[in-house]
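One-letter residues, chain by chain:
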Amino acid sequence: MSSCEPEEYDVPDIDLTSVYSIGETENNDLSTINIYRDKALLTVWNKDGAVTSFETKDYSDSSDDTNYLVTVTAVEEVTVVDGEGNESLATITYGYDLVASKETGVCNVSITTTNEKGEVSTLSISGTLVEKEIYN
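Caption draft 1: Expanded view of the overall build of the protein. Scanning the protein from terminus to terminus reveals zero helices and eight strands. Ordering the α and β elements of the protein from the N terminus gives β-β-β-β-β-β-β-β. Its C-alpha atoms give the protein a radius of gyration of 19 Å, more than 25% over the compact-globule value 14 Å for 136 residues. Reported as C-alpha extents along the three principal axes, the dimensions of the protein are approximately 70 × 55 × 30 Å.

Put into structure tokens, the structure is as follows:
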């Protein structure tokens, strides 16, 4: 008699990683932002449940005893089509500037977007920050 199941299973390469998680946002579109502390990664969860992942650079954590003070730049590569239908790759950057109270977790996040044309816009989001570990 034989079995269809293997004797050993491969163990997935999944570890807990530390993130700053901003939730309970008062934004109509964004639900949760996870800023990874040990990886060059940032995820944004929309209210409809969709998640977008971004590679990050220039991560800085200058938190002190009373406040979280974090900045990071998220990078997105997009395909741009010009007026003649020619496609090219362009980069959009999102500068995240996070300030939160360690006592209450109340936070403000300023997101500065620079599009492929160099145009800049800023969005401010309020929410609650928690430090947690998630599987990644």
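Caption draft 2: Up close: the packing of aromatic side chains. In total, this model carries two aromatic pairs according to the counting rule given. The interplanar angle of 70° and the centroid separation of 5.4 Å between the aromatic rings of Tyr20 and Tyr68 together place this pair among those described as edge-to-face. Of this pair, Tyr20 sits in strand S1 (residues 16-23) while Tyr68 sits in strand S5 (residues 67-81), and the two are 48 residues apart along the sequence. Of the two residues, Tyr20 and Tyr68, both sit in the buried class.

Caption draft 3: Geometry of the pattern of salt bridges. Per the stated rule, a full pass over the model turns up one salt bridge. Linking Glu131 and Arg37 is a salt bridge whose minimum nitrogen-to-oxygen distance equals 2.7 Å. With Glu131 in strand S8 (residues 120-135) and Arg37 in the loop between strand S2 (30-36) and strand S3 (41-46), this residue pair connects regions lying 94 residues apart in the sequence. Residue classification places Glu131 among the partly exposed positions, given a relative accessible area of 43%.

Caption draft 4: Just the sheet that holds S2, in detail. Taken in spatial order, the eight strands line up as S1-S2-S3-S4-S5-S6-S7-S8 and close into a barrel, and their pairing is antiparallel. Neighbour-to-neighbour, the strand axes of this sheet turn through a mean angle of 35°, independent of strand direction. Of the strand pairs in this sheet, S5 and strand S6 (residues 87-101) are connected by 15 bridges, and their pairing is antiparallel. Within the sheet, the bridge partner assigned to Val72 lies in S6 and is Tyr96.

Caption draft 5: Quick look at the pairing of S1. Of all eight residues making up S1, seven are buried, and the element is well covered by its neighbours. Relative to S8, S1 runs antiparallel, the two being bridged by eight bridges. Following the sheet pairing, Val19 is matched in S8 by Lys132. Connecting S1 to the antiparallel partner S2 that follows it, the hairpin turn spans six residues, and Glu24 within it adopts a positive phi of roughly 50°.

Caption draft 6: View of a nonpolar patch on the surface. Taken together, Ile14, Leu16 and Tyr135 make up a surface patch of nonpolar side chains, about 330 Å² in accessible area. Tracing the backbone through its elements, the reader meets Ile14 in the segment before S1. The class of Ile14 is partly exposed, set by a relative accessible area of 42%.

The rules behind these values
- Residues numbered from 1 in each chain as written.
- Predicted model: local features only at pLDDT ≥ 70, side-chain atom pairs only at ≥ 80, totals over all residues.
- Heavy atoms only, no water.
- Helix = DSSP H or I, 4+ residues; strand = E, 2+ residues; numbered from the N terminus.
- Rg over C-alpha atoms; globule rule 2.2 N^0.38 Å.
- Phe/Tyr/Trp six-rings, centres within 6.5 Å; stacked < 30°, edge-to-face > 60°.
- Buried < 20%, exposed > 50% of the residue type's maximum accessible area, 1.4 Å probe, protein only.
- Salt bridge = Lys/Arg side-chain N within 4 Å of Asp/Glu carboxyl O.
- Pairing = 2+ DSSP bridges.
- Axes fitted to C-alpha atoms, helices over the stretch in contact; angles between N-to-C directions.
- Patch = residues over 30% accessible without salt bridge, like charges linked within 9 Å, V, L, I, M, F, W, Y side chains within 5 Å.
- Areas by Shrake-Rupley, 256 points an atom, 1.4 Å probe, with all protein chains shown as cover.

As far as function goes, none of this settles anything; it's purely spatial.
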